[in-house]
Amino acid sequence: MKRLLCLATATLIAVTVGPDRAAAFDVSVQSEDGTLASEIRAASLVAAIKDDTEAEPATPIDILSAAQADYGRIIALLYDAGYFGPTINILVDGCEAAAISPVQPPARVNSVVLSVDAGPVFRFGRIGISPKAEGTAQTDGFAPGETARVSVLRSATAAHIEGWRQQGHAKARVAGQSITARHPDRVIDAAVTLDPGPRLRLGKLTITGESAVREARLREIAGWPSGAVFDPDDLALVQKRLRRTGTFGTANLTEAETPNPDGTLDVTATINDQLPRRYSFGAEFGTLDGLTLSGSWLHRNIFGGAERLLVEGEVAGIAGDTGGIDYAISAKLSRPATFRTDLEAFGLVAFEQEDEVNYFARTASIEVGTLYFASDDREYSYGVGLQTAKTRDDLGERTYTIATLSFRATFDRRDNALDATSGYYAEIGLTPFVSLGGTDDGLLTTLDLRTYRQVGSRVTLAFRGLLGSVAGPSLADAPADFLFYSGGGGTVRGQGYQSLGVDLSPTVTVGGRSFVGLSGEVRVKTGRNLSVVGFYDAGYIGPKSFFDGQDGEWHSGVGAGIRYDTGIGPIRFDMAVPASGPDDGSGLEIYIGIGQSF
């Protein structure tokens, strides 16, 4: 009777007033669970229409359609929360939305009420997914007695299918399922049967799309392992290799629907280029560093083999307190998949002028080398170079020329490179050099270690250790731009920039042959995008090649700061004061930048 009354009322209003008349309306959600009510409102299309103040006013048919679609959305939400016996009423001006014909919608909607009685929470009872591939990990929450969430069941099924795919069964699928709700016991029984399908090998790779890169080079870069047992990790690696070049805007792999009769599975790569050239310009200002202007020009496919030519220039230290103005210009040519798939060859030419507080250096260098991508978190680079420089410090002017053989290894196992909360980062650099004039043979060593640990949901502890060493030349004969100083944003905040070196006399200060830097931060998240940070930094500079803790000097700084998360990295604002050291009276220092300090 009520349904007929609603239909008759809607028809009468439509005839009297006319259809499709937009009007303001109210939306309310009624549920005994306040948190659930908020989630229902967030999932509701009707509420979205109501809350969208920038959209055109909704017509009655729009509101009715949204209300009728909300039944399915609310049921999906409740099933995922473990409620399998809900009662849902969506009343449009007192009439159940499902009972209103969309052919004769009301001419006006004044209110929509979403009333939900969720009922009891159901738990998993007898559950199972079979057959199970060896090594498949247990899905969190998928166990008897746990809340019966549909998303957990889906995740567990997907994990089992992925387990079979990792074993070479590319076409593993769900063959059958039985899901039973035992309402008296408030229990969900679930049984899922999988069909692993045959174990397959990788077939041929077909390349489609529009790319100016030669197909032979595309295949060299991809490194397609034809004939190998199917492994989704191999597909992900091929895709990463293509994207790592920076040349392609699209590099997607699609598996064939049906395996070949010989037990192989073909894959299609869709590859499209980015624009071949890119120009960039930047400006950055720091209270200590002054103004920095930079620009670059990049050609992504200069010879048709995905080679990259990058020309960069920078002018730094304008109106800063770090000495004078620094200049740098470089050109780097990189070629992926050279000699082997994951080996990138490069050639670099660079000219640089550094006008620092304690020294001046004008340098020209050339280097050729390779960068080896050993895994997702390991990289190794090797290079042979020639460097010549004219330097000036408190010991006077010197000119040197050296041949270098550089090695660098990077291990990056942070959860987020821009704002890490767990994991570690390590980088070691070794640069043996042979003097061709002006200095002695030697070895430059650097080490950067960082580790992160999350305590609870809001606190992150971050630690960093830095080591540096110049072995071989004496302090007087070592290249001035190879020596180490401490103080400032990159080493010890609160101390003046490069304020700690080796004092040979009251009027002669040079860099040290050994350096140790230690930093610790406590990062506390106080809001959605806001964090506060407390930190302590310490630095050591010594005249000997290696740290001995006796001949050198320490200084330290302490401070606090705030971070505002922008989504692409936090904006950093730090204030620090000296804590100890020979020049511990320099006062308050302020540091502003993008990204965490380390």
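Each remark here, short or long, concerns the structure printed above.
Residues numbered from 1 in each chain as written. Predicted model: local features only at pLDDT ≥ 70, side-chain atom pairs only at ≥ 80, totals over all residues. Heavy atoms only, no water.

## Description of the sheet that holds strand β6 (residues 173-182)
For step 1, the next point in the chain: What the three strands build is an open sheet, ordered β5-β7-β6; its pairing is mixed. The strands lining the two open edges of the sheet, one partner per strand, are β5 (123-130) and β6. Each strand of the sheet is rotated relative to its neighbour by a mean of 10 degrees, with strand direction disregarded.
For step 2, the next point in the chain: Judged from the nine bridges that link them, β6 and strand β7 (residues 187-195) form a sheet pairing that is antiparallel. For R173, the partnering residue across the bridge sits in β7 and is D195.
For step 3, the next point in the chain: Relative to the sheet, helix α5 (residues 150-166) contacts β5, β6 and β7, its axis offset from that of β7 by approximately 20 degrees. (Pairing = 2+ DSSP bridges. Helix = DSSP H or I, 4+ residues; strand = E, 2+ residues; numbered from the N terminus. Axes fitted to C-alpha atoms, helices over the stretch in contact; angles between N-to-C directions. Contact = heavy atoms within 4.5 Å.)

## Quick word on the sheet that holds strand β9 (residues 248-255)
Pairing between the strands of a sheet is mediated by backbone hydrogen bonds and can be parallel or antiparallel.
For step 1, the next point in the chain: Spatially, the three strands line up as an open sheet ordered β8-β10-β9, and their pairing is mixed. Of all the strands in the sheet, just β8 (201-208) and β9 have a single pairing partner and so form its edges. Here the strands of the sheet are splayed against their neighbours by 20 degrees on average, with no regard to which way each runs.
For step 2, the next point in the chain: Summarising the sheet, β8 and strand β10 (residues 264-273) pair through six bridges and their orientation is parallel. Residue pairing for β10: L202 is matched across the bridge by L265.
For step 3, the next point in the chain: Packed on one face of the sheet, helix α7 (residues 232-244) meets β8, β9 and β10 and runs near 165 degrees to β9.

## So, the pattern of salt bridges
For step 1, the next point in the chain: Under the defined criterion, the tally for this structure stands at 29 salt bridges.
For step 2, the next point in the chain: For the salt bridge of D342 with R244, the shortest nitrogen-to-oxygen distance reads 3.0 Å. Linking D342 in the loop between β14 (326-335) and β15 (343-355) with R244 in helix α7, this pair joins segments that are 98 residues apart in sequence.
For step 3, the next point in the chain: Residue D342 is classed as buried on the basis of its relative accessible area of 13%.
For step 4, the next point in the chain: Taking relative accessible area as the criterion, R244 reaches 25% and is therefore assigned partly exposed.
For step 5, the next point in the chain: The shortest N-O distance in the salt bridge between E427 and R408 comes to 3.0 Å. One end of the pair, E427, is in strand β19 (residues 423-437); the other, R408, is in strand β18 (residues 396-412), and 19 residues separate them in sequence.
For step 6, the next point in the chain: Classification of R408 as partly exposed rests on a relative accessible area of 32%. (Salt bridge = Lys/Arg side-chain N within 4 Å of Asp/Glu carboxyl O. Buried < 20%, exposed > 50% of the residue type's maximum accessible area, 1.4 Å probe, protein only.)

## Points about the environment of Y564
For step 1, the next point in the chain: For Y564, the location among the structural elements is in strand β26 (residues 553-565).
For step 2, the next point in the chain: By relative accessible area, which is 44% here, Y564 ends up partly exposed.
For step 3, the next point in the chain: C-alpha separation for the pair Y564 and G527, spaced 37 residues apart in sequence, amounts to 9.5 Å.

## Focus: helix α6 (residues 215-222)
For step 1, the next point in the chain: For α6, the full list of buried residues reads R217, L218, I221 and A222. Down the axis, α6 shows its buried residues gathered within 135 degrees of arc, on one side only.
For step 2, the next point in the chain: Looking at the buried residues of α6, the elements they touch are β8, α7, β9, β10 and β14.
For step 3, the next point in the chain: The positive-phi residue at the C-terminal boundary of α6 is G223, with phi of around 60 degrees. (Arc of directions from axis to C-beta.)

## Examining the pairing of strand β25 (residues 530-542)
For step 1, the next point in the chain: Note that strand β24 (residues 514-525) and β25 share twelve bridges and pair antiparallel. When the bridges of β25 are listed, V524 appears paired with V532.
For step 2, the next point in the chain: Counting the residues in the hairpin turn of β24 and β25 gives four residues.
For step 3, the next point in the chain: As paired strands, β25 and β26 are joined by twelve bridges and run antiparallel to one another.

## Side note on the packing of aromatic side chains
For step 1, the next point in the chain: Enumeration according to the criterion identifies 13 aromatic pairs in this entry.
For step 2, the next point in the chain: Ring geometry for Y400 and F482: centres 6.4 Å apart, planes at 70 degrees, overall edge-to-face. Residue Y400 is located in strand β18, and its partner F482 is located in the loop between β21 (459-471) and β22 (502-505); the two are separated by 82 residues in the primary sequence.
For step 3, the next point in the chain: According to the relative accessible area criterion, F482 is buried, its value standing at 9%. (Phe/Tyr/Trp six-rings, centres within 6.5 Å; stacked < 30°, edge-to-face > 60°.)

## Some points on the environment of G561
For step 1, the next point in the chain: Here G561 shows up in strand β26.
For step 2, the next point in the chain: On the basis of relative accessible area, G561 is assigned to the buried category, the value being 9%.
For step 3, the next point in the chain: C-alpha separation for the pair G561 and G145, spaced 416 residues apart in sequence, amounts to 45 Å.

## Comments concerning helix α2 (residues 34-43)
For step 1, the next point in the chain: Turning to α2, its buried residues number three or more, namely L36, A37, I40 and A43. Along the axis of α2, the buried positions cluster into a sector of 125 degrees, meaning they face one direction only. Facing away from the buried side of α2 by over 90 degrees, the exposed positions are T35 and A42.
For step 2, the next point in the chain: Those residues of α2 that are buried are in contact with β1 (26-30), α3 (45-51), α4 (60-80) and β4 (111-117).
For step 3, the next point in the chain: Capping the start of α2 is the job of one residue whose side-chain oxygen sits 3.0 Å from the backbone nitrogen of T35: D33. (Polar contact = N/O pair within 3.5 Å; in protein donor to acceptor, adjacent residues only side chain to side chain.)

## Quick notes on the side chain of D189
For step 1, the next point in the chain: Relative to the helices and strands, D189 is located in strand β7.
For step 2, the next point in the chain: Note on D189: relative accessible area 8%, which makes it buried.
For step 3, the next point in the chain: A distance of 2.7 Å separates a polar atom in the side chain of D189 from a polar atom in the side chain of R182.
For step 4, the next point in the chain: The contact partners of D189, leaving out residues within four places of it in the chain, are G125, R126, S178, I179, T180 and R182.

Read these as geometric descriptors, not functional statements.
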